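The residues making up each chain are set out below.
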Amino acid sequence: MSISSNYIFEVTSDPAAIKQSFINNSESFNLPNRNLASVTDYVNGELAINDSDICQRRSPTISIQGQVFYVVRDTSITLAEGDFTSDIVASCCTLTRDGYVKSPTFGLKNIPVSCYAFVYTKPDQRRKGVAAFMLNEVNRHMEREIPDGISVLYSDVGEYYSRFGFESRHVPLALLLVAAILQTPSVEGGKIITHMQGQFKDLFILDDRILVERLNSSLTEAPYKISVSLKPDSAIQELFASRSTWKYSKSKSINQALEDLIFGISVTDEATGQVLGFVTFSHYWNAKVMSVTRLFISPSAEKAGTAKTIFVQLVQNLAVLAEKLEFDTIKLWHSEIDETKHKAIWDWIDELPNSDINLANTSLSAINFHSGFKAKYDVEGPDVKWEMNGKWCWY
Ligand SMILES: CC(C)(COP(=O)(O)OP(=O)(O)OC[C@H]1O[C@@H](n2cnc3c(N)ncnc32)[C@H](O)[C@@H]1OP(=O)(O)O)[C@@H](O)C(=O)NCCC(=O)NCCS
């Protein structure tokens, strides 16, 4: 579709343009079920999140590290004096983070991974190719800035993004009923530690170390030729926790002190203090759903044959927290638990009354391999395995 020459694309760091983008997109992303008091609350919440470490992180080598904003302006709109933003008709942003690629030729390398988010066109401007114009421009920007990187996104609009090079990598969901978990016989695999904001660092350092060891020591299994993954990073869990806390502070429905909010649980070896497993999560306050952002079981627990015990202990403790908040459900991405390695865990979940597995996720994971990446590693999309494609990859 060709688009009128009235439209111009900008990469912007202008606070007024960024704010206007959130004001515009509040119509879609500040849904009533998110229980926010006003557009101002939503906008302030997202602006506060933009101040978080992972969004503000900069790199000496990659110009677009952190969160970057893009807008489309319609130059046919006449602006009143002092108004510099009413001509913004579409917007989106990207969060660029560190990732890995493992190939037989190059071994393990760091790569940048960009997550596209908040893609939005004003309702009166839709179906004219405005988002397509913007996304093609953002893609071009990506190709220039991180040619040998990859981009990911979670689509709420089905296969729309496939025309911009994004290939769906759907991950099903499991929904575990809190009440059912609380009925299961309690197990003990180690000591429980809870984690609040600012207390996730060691967990993700461990997760990262184990991922690197695994990628270094194993060959990517056929039919894939190479593997990619985002780098486990506590800063993304800090972002989820900030957003949860912000939304909670605007929600009057639950009676628990903000400073008591817990966003992670780990099980450690009583004697050595070694982490045997952990779960991190965020809250959907109105839906009463606890969403698992990352679930890790250590190789030592796997070796000792206690993986299921560690998992059940984590989930039982999470259910206790969920019950205190009057939440009904725990949402888990299938990718968090390897289905061939941990059949016993999946059997346990499957046997939980009224719990569901293999549910279609309404958000589709998708991945786009930049042209320099494909050329360097000599691959097409189907050749690439996306390791640990889960909730923690987006924001
Ligand atoms: C999705 C969106 C950004 C598209 O903007 P746009 O400027 O109209 O996009 P384009 O003109 O380039 O393309 C329009 C096409 O988008 C696709 N599309 C739009 N909404 C869709 C949906 N809910 N499901 C599947 N495809 C959708 C359709 O193919 C549509 O063409 P058609 O209506 O003629 O079939 C816009 O509809 C929007 O802002 N929606 C609300 C916010 C949102 O859901 N954003 C996506 C978050 S992942």
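Bear in mind that the values here come from a model prediction, so they are computed numbers and not experimental data.

About the cut-offs
- Residues numbered from 1 in each chain as written.
- Predicted model: local features only at pLDDT ≥ 70, side-chain atom pairs only at ≥ 80, totals over all residues.
- Heavy atoms only, no water.
- Helix = DSSP H or I, 4+ residues; strand = E, 2+ residues; numbered from the N terminus.
- Rg over C-alpha atoms; globule rule 2.2 N^0.38 Å.
- Buried < 20%, exposed > 50% of the residue type's maximum accessible area, 1.4 Å probe, protein only.
- Contact = heavy atoms within 4.5 Å.
- Areas by Shrake-Rupley, 256 points an atom, 1.4 Å probe, with all protein chains shown as cover.
- Lys, Arg positive; Asp, Glu negative; His and termini not counted.
- Charge placed at Lys NZ, Arg CZ, Asp CG, Glu CD.
- Near = heavy atom within 4 Å.
- Polar contact = N/O pair within 3.5 Å; in protein donor to acceptor, adjacent residues only side chain to side chain.
- Nonpolar A, V, L, I, M, F, W, Y, C, P; charged D, E, K, R; others polar.
- Domains from an automatic or database assignment.
- Buried area = accessible area lost by both parts, 1.4 Å probe.
- Salt bridge = Lys/Arg side-chain N within 4 Å of Asp/Glu carboxyl O.
- Core = buried A, V, L, I, M, F, W, Y, C linked by side-chain atoms within 4.5 Å.
- Pairing = 2+ DSSP bridges.
- Phe/Tyr/Trp six-rings, centres within 6.5 Å; stacked < 30°, edge-to-face > 60°.
- Lys NZ or Arg CZ within 6 Å of the ring centre and 35° of its normal.
- Axes fitted to C-alpha atoms, helices over the stretch in contact; angles between N-to-C directions.
- Expected span 1.5 Å × (residues − 1).

Here the focus is the overall build of the protein. Helices and strands together make up the secondary structure of the protein, namely 11 helices and 16 strands. Relative to a compact globule of 395 residues, whose C-alpha radius of gyration would be 21 Å, the protein shows 22 Å and is just as compact. With the principal axes as the frame, the protein shows a C-alpha extent of 65 × 55 × 35 Å. Put simply, the protein has 395 residues, and 53% of those count as buried. In the protein, the proportion of contacts linking residues at least 24 apart, taken out of those at least 6 apart, comes to 75%. Summing over all exposed atoms, the protein offers an accessible surface of approximately 17,600 Å²; the carbon and sulfur share of this is 51%. The distance from the centre of the 38 positive side-chain charges to the centre of the 47 negative ones in the protein is 2 Å.

Here we take up the site of the ligand. The environment of the ligand is made up of 18 residues, and the closest members are Val119, Thr121, Arg127, Gly129 and Tyr160. A distance of 2.9 Å is found between an oxygen atom of the ligand and a side-chain nitrogen or oxygen belonging to threonine 121. Alanine 131 is positioned with one of its backbone polar atoms (N or O) 3.0 Å from an oxygen atom of the ligand. When the ligand is considered free in solution it has 900 Å² of accessible area, and contact with the protein chains removes 70% of it. Elements with a contribution of two residues or more to the shell around the ligand: helix H1 (15-29), strand E4 (107-121) and helix H4 (130-145). Here the shell around the ligand is composed, by residue class, of 10 nonpolar, 3 polar and 5 charged.

Let us now look at the domain arrangement of the protein. Taken domain by domain, the protein consists of domain 1 (7-171 + 363-393) and domain 2 (173-359). Using only C-alpha atoms to locate each centre, domain 1 and domain 2 end up separated by 27 Å. Taken together, the contacts link 50 residues of domain 1 with 44 residues of domain 2. Buried surface at the junction of domain 1 and domain 2, both sides included, amounts to about 4,300 Å², of which 62% is carbon and sulfur. When the buried area of domain 1 at its contact with domain 2 is split by residue, Tyr100, Lys391 and Trp392 rank highest and sum to 21% of it. If you look at where domain 1 meets domain 2, you find 5 salt bridges.

Another aspect to go through is the nonpolar core. Residues Met290, Phe311, Ile330 and Leu332 are the most contacted members of the largest nonpolar core, which totals 49 residues. If you tally residues by element for this core, the top one is helix H9 (residues 307-324), at 10 residues. If we ignore the near neighbours within four places in the chain, the residues touching isoleucine 330 are Ala174, Leu175, Leu176, Val178, Ile181, Met290, Val292, Val315, Leu318 and Ala319. Counting residues in each nonpolar core, the second largest holds 44 residues, with Cys55, Val152, Ile226 and Trp333 among its members.

With that settled, consider the pairing of E4. With 11 of its 15 residues buried, E4 lies for the most part within the structure. Across 13 bridges, the pairing between strand E3 (residues 88-103) and E4 is antiparallel. Counterpart to alanine 90 in the pairing with E4 is threonine 121. Hairpin geometry of E3 and E4 is characterised by an intervening segment of 3 residues between the two adjacent antiparallel strands. Judged from the 3 bridges that link them, E4 and strand E5 (residues 150-155) form a sheet pairing that is parallel.

Quick look at the packing of aromatic side chains now. Scanning all chains against the criterion turns up 21 aromatic pairs. Centroid distance phenylalanine 106 to tyrosine 377: 5.3 Å. Interplanar angle 75°. Geometry classified as edge-to-face. In this pair, phenylalanine 106 is assigned in the loop between E3 and E4 and tyrosine 377 in helix H11 (residues 371-377), connecting sequence segments 271 residues apart. Geometrically, the ring pair formed by tyrosine 160 and phenylalanine 164 is edge-to-face, given 5.3 Å between the ring centres and 75° between the ring planes. Clustering of aromatic rings is evident, with ring pairs tying together Phe22, Phe29, Tyr42, Phe69, Phe118, Tyr120 and Tyr395. The lysine or arginine in question, lysine 376, covers the ring of phenylalanine 106, its NZ or CZ lying 5.5 Å from the ring centre.

Let us now look at the pattern of salt bridges. Applying the stated criterion across every chain, the model contains 20 salt bridges. Arginine 140 is the salt-bridge partner of glutamate 137, the closest N and O atoms lying 3.0 Å from each other. Of the two residues, glutamate 137 and arginine 140 are both situated in helix H4; the distance of 3 residues between them amounts to about one turn of the helix. Notably, a salt bridge pairs arginine 214 with glutamate 387, separated by 3.0 Å at the nearest N-O pair. Taken together, the positions of arginine 214 in helix H6 (residues 201-217) and glutamate 387 in the segment after strand E16 (384-386) put the pair 173 residues apart, joining distant regions of the chain. Classification of arginine 214 by relative accessible area gives partly exposed; the value is 33%. Shared partners join several salt bridges into a network, and the residues in it are Arg214, Glu221, Lys385 and Glu387.

Once that is clear, we can look at the sheet that holds strand E14 (residues 356-359). Read from one edge to the other, the open sheet built from 7 strands follows the order E8-E10-E11-E12-E13-E7-E14, with strand pairing classed as mixed. Of all strands in the sheet, those bounded by a partner on one side alone are strand E8 (191-195) and E14. Taken over all neighbouring pairs, the strand axes of this sheet differ in orientation by 25° on average, direction set aside. Two strands pair when backbone bridges link them, and strand E10 (residues 264-268) and strand E11 (residues 275-284) are joined in this way by 5 bridges, in the antiparallel orientation. Residue pairing across strands places valine 267 opposite glycine 277, the latter belonging to E11. Against the sheet, H6 makes contact with E8, E10, E11 and strand E12 (289-297), and its axis sits at roughly 115° relative to E11, the strand it touches most.

In this model H4 runs 23 Å from its N-terminal to its C-terminal C-alpha over 16 residues, within 8% of the 22 Å that 1.5 Å per residue would give. Looking at H4, one finds that the buried residues are Val130, Ala131, Phe133, Met134, Leu135, Glu137, Val138, Asn139, His141 and Met142. If you follow the buried residues of H4, they end up packed against strand E1 (7-12), strand E2 (66-74), E3, E4, E5 and strand E15 (364-369).

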